[in-house]
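A structural walkthrough
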Amino acid sequence: MGSNYEVTDYTLGQEQLERIESVLSDDLIKSGVHSALLIDMAGNIIAKCDNGNCQHDLYSLAALASANFAAVDTMAKIVGEEEFSLLFHKGENENIHFSKVNIEFLLITIFGKEVSLGLLRLKVAEAVEKINSVW
Amino acid sequence: MGSNYDDVSFTDYTLGQEELEKIEHVLEENLIKSGVHSVLLIDMAGNIIAQRDNGSCDHDLYSLAALASANFAAVDTMAKIVGEEEFSLLFHKGENQNIHFSKVNVEFLLITIFGKKVSLGLLRLKVAEAVEKIGNVWNQ
Amino acid sequence: MAFVNMKSKEVQAKVVYYGPGRGGKTTNLEYIYSKFRERIKSDMVSIKTHGDRTLFFDFLPFDIGKIMGYDVKIQLYTVPGQVKYDATRRLVLKGVDGMVFVADSQVEQRKKNVLSLKNLQENLAMYKKSIFKVPLVLQYNKRDLEKEGVSLLPLETLEKDLNSQLKVPSFPGSAVTGENVVPTMKKIISLTMTSLQNVLK
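Residues numbered from 1 in each chain as written. Chains lettered and ligands numbered in written order. Predicted model: local features only at pLDDT ≥ 70, side-chain atom pairs only at ≥ 80, totals over all residues.

1. Describing the overall build of chain A
Let me state the cut-off plainly: A run of H or I in DSSP counts as a helix once it spans at least four residues, and a run of E counts as a strand once it spans at least two, with each numbered from the N terminus. The quantity called the radius of gyration is restricted to C-alpha atoms. Its globule counterpart is 2.2 Å times the number of residues to the power 0.38. By definition, residue pairs are in contact when their C-beta atoms, positioned from the backbone, come within 7 Å.
Looking only at helices and strands, chain A features three helices and five strands. Secondary structure elements of chain A occur, N-terminal to C-terminal, as α-β-β-α-β-β-β-α. Expected size for 135 residues packed as a compact globule is a radius of gyration near 14 Å; at 15 Å, chain A falls within 12% of this value. Considered along the principal axes of its C-alpha atoms, chain A spans approximately 50 × 40 × 30 Å. Taking the contacts inside chain A whose residues are at least 6 apart along the sequence as the reference set, 51% of them involve residues at least 24 apart.

2. Brief notes about unusual backbone geometry
Residue and element names in this part refer to chain C. Applicable threshold: Around each residue's C-beta, the other C-beta atoms within 10 Å are counted; 20 or more make the residue buried, 12 or fewer make it exposed, and counts in between make it partly exposed. All C-beta atoms are placed from the backbone.
Its identity as a non-glycine residue notwithstanding, M68 has a phi of 50°, on the positive side. With respect to the secondary-structure elements, M68 resides in the loop between β4 (54-67) and β5 (70-78). Given 12 C-beta atoms within a 10 Å radius, M68 is considered exposed.

3. What about the pairing of strand β4 (residues 95-100) of chain A?
Residue and element names in this part refer to chain A. Selection criterion: Two strands pair if DSSP finds at least two bridges between them.
In the sheet, strand β3 (residues 87-90) pairs with β4 via four bridges, with the strands oriented antiparallel. Paired with L87 across the strands is F98, a residue of β4. Taking the residues that link successive antiparallel strands as the turn, the β3-β4 hairpin has four residues.

4. Things to note about the interface of chain C and chain A
By a frequent convention, interface size equals the accessible area lost on bringing the separate parts together. The criterion, for reference: Residue polarity is assigned by list, with Asp, Glu, Lys and Arg as charged and Ala, Val, Leu, Ile, Met, Phe, Trp, Tyr, Cys and Pro as nonpolar; anything else, Gly included, falls into the polar class.
In this complex, chain C contributes 13 residues to the contact, which on the side of chain A involves 16 residues. Residue classes in the side of chain C that touches chain A are distributed as six nonpolar, four polar and three charged.

5. Observations regarding the confidence of the model for chain B
All names here are of chain B. To be explicit about the condition: pLDDT measures how confident the predictor is about each residue, on a scale from 0 to 100.
Confidence in the prediction of chain B, expressed as mean pLDDT, is 87, and 89% of residues score 70 or more. Scored below 50 in pLDDT, residues 1-10 shows 20 contacts in the model against residues more than four places distant or in partner chains. Taken over the whole predicted complex, pTM reads 0.85, whereas the ipTM for its chain interfaces reads 0.88.

6. Concerning the confidence of the model for chain A
Residues and elements named next belong to chain A. Per-residue confidence for chain A averages 88 on the pLDDT scale, and 92% of its residues sit at or above 70. Mean pLDDT values for the elements of chain A range from 88 in β3 up to 95 in strand β5 (residues 105-111). When the criterion is pLDDT under 50, residues 1-7 qualifies, and its contacts beyond four places in sequence or with other chains add up to four contacts.

7. Details of the sheet that holds strand β4 (residues 98-103) of chain B
Residues and elements named next belong to chain B. Note the following rule: Here an axis means a line fitted to C-alpha atoms, over the contact stretch when the element is a helix, while the angle between two N-to-C directions is reported on a 0 to 180 degree scale.
With respect to topology, five strands assemble into an open sheet ordered β2-β1-β5-β4-β3, the strand pairing being antiparallel. Single-partner strands in this sheet number two, and they are β2 (48-53) and β3 (90-93). Strand-to-strand twist of the sheet, defined as the mean angle between neighbouring strand axes without regard to direction, takes the value 10°. As judged from the five bridges shared by strand β1 (residues 38-43) and β2, these two strands associate in the antiparallel manner. Each residue of the ladder has a partner; that of L41, found in β2, is A50.

8. Side note on the interface of chain B and chain A
On the chain A side, the residues contacting the 28 residues of chain B number 28 residues. Listed by contribution, the elements that provide at least two residues to the side of chain B that touches chain A are α2 (61-81) and β3 of chain B. When residues of the side of chain B that touches chain A are assigned to their parent elements, the largest contribution, 12 residues, is made by α2 of chain B.

Take a look at the structure:
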C-alpha cells in the first residue's frame, strides 16, 4: 500500500516493441486502417501506429476500451458465457474493432469505409498471430 | 431538472404506477412472448425501471444493469472520441446467450437477453416495436 | 438520480466512493460486503486490473430495508482513483445521489487528496451538479498506520485542506480494520435519504 508504483506483469524490450510497431504498420495501417493501438488490460498504450491524420485522444480511448472490455467480460460471466465473441462498433465514418491478443493485451483498430469488416478481421487475425509470436 | 429541491438530484422523468404497468405489458407481450429470456428497461445511471423474464432466468440483474449502463456510456464516449455522434448497434454474441442494447431515448436503455431460438433480425424488429410503444407511454 | 418505483414501492439510489488512487475506496466496499454478507444477495462486482487496481468500478447493491414504505436499495460504487482514468471515472458519477470522499491520511498524499477533490468538483460540474449540493461525507482513511510509525496528516490539517469550505460530516477511519467504515456509510445513506425524502412524500 505504501508504494504508488505499478508494476506490469510483462516486459517488452525495445526490439520487441519495434517488431510490434512494424506489424501494426505493415499489416494494418498499410491495409487502410486509420489507427491501430496495442493496449494492456489496464488501459496503457503499449504500441500505436496511425496513418498520420488521426487526432483522437488515444489515451482516453485506451482507458475506456480496457474498462469497457472488462465490463463486457463481466456481463458475459453473469449470463453464463465464457466470453462474447466479437466487439465491434459501427459509426457513420469511423468504426472501432477490438481483438483480444492474449490475457494481457487488446488490439484496437479504428477504420473507415475504405476497409470492409471482412478484410479487417482477416488482417487483425494475422496481426494478432504475429504479435503473439513476438513473445 | 424540474425539481424544487436544489439539494436533490432526482430523475428527469416520473413514471406512475399505470405507466409502469403499460411498460411491463409491452416487455411481456412484445419480447418475452417472442422468446426473449429476460428484458430490462434501465436508466443511464444503471437503475432498473422495469423488468420481465420467462421465469427461468436467475441472472444477477442489478449487477447486469450497472454493467450495461457503464458499457453503453463507455462506448458512447469512445464514439465521441473518434468523432462519431454514436455507434449504431450494441450487441454481444455468446455461445448460448446474447445481449442486445437499444437506446429508447436520452434517458433509457432497453436490454434484452436471448438465446438461439430468436434470430437477431426478429429480435431487432421486436425491440424496435417495443421501443416505439414505450416511447408512446410518455407521449400520451 | 435515484429511481423511485411507485409500483413495486422500491427506491434505487447511487452512492459513489471517490478519492485518490490507493486511498481505500475498494477496501471500504470489501469491508461492507464482508460485514453484511447475509444481507447482500448478489456478489460484489469488481472490474479491476491484474495488478488489483480498480479499472472501472466496484459495485455492491445493498438493501437497507423500508423507509417511508419504500424498499430502499442503495447501490454502492467506487471509481478508479488513478489520474489516468478520468474518462472512466466521470462515467461512474452519472446519476450520483450521494458521495463518500475517501482521503488518504499519509503525509505524502496531501496534494493528491486536494487534487482528487478538485477533480470530483470538476466532474460533477460536467453533469451540472455542485459539490456543495450533492450529499457528501469525508473519510480520512488509514488512521491505523499511525501505530506502525507512518507519519500521518493531523485531522485538523485534513479538515483545513478538504473541509473548510464544504463543512460536511467527516470521519477518521481505517478501511483495513473497519474502523468507522460502517458509520461513514450510514451517514451518507442517511444524508442521501433525507435529500430524497421530499420526493417520497
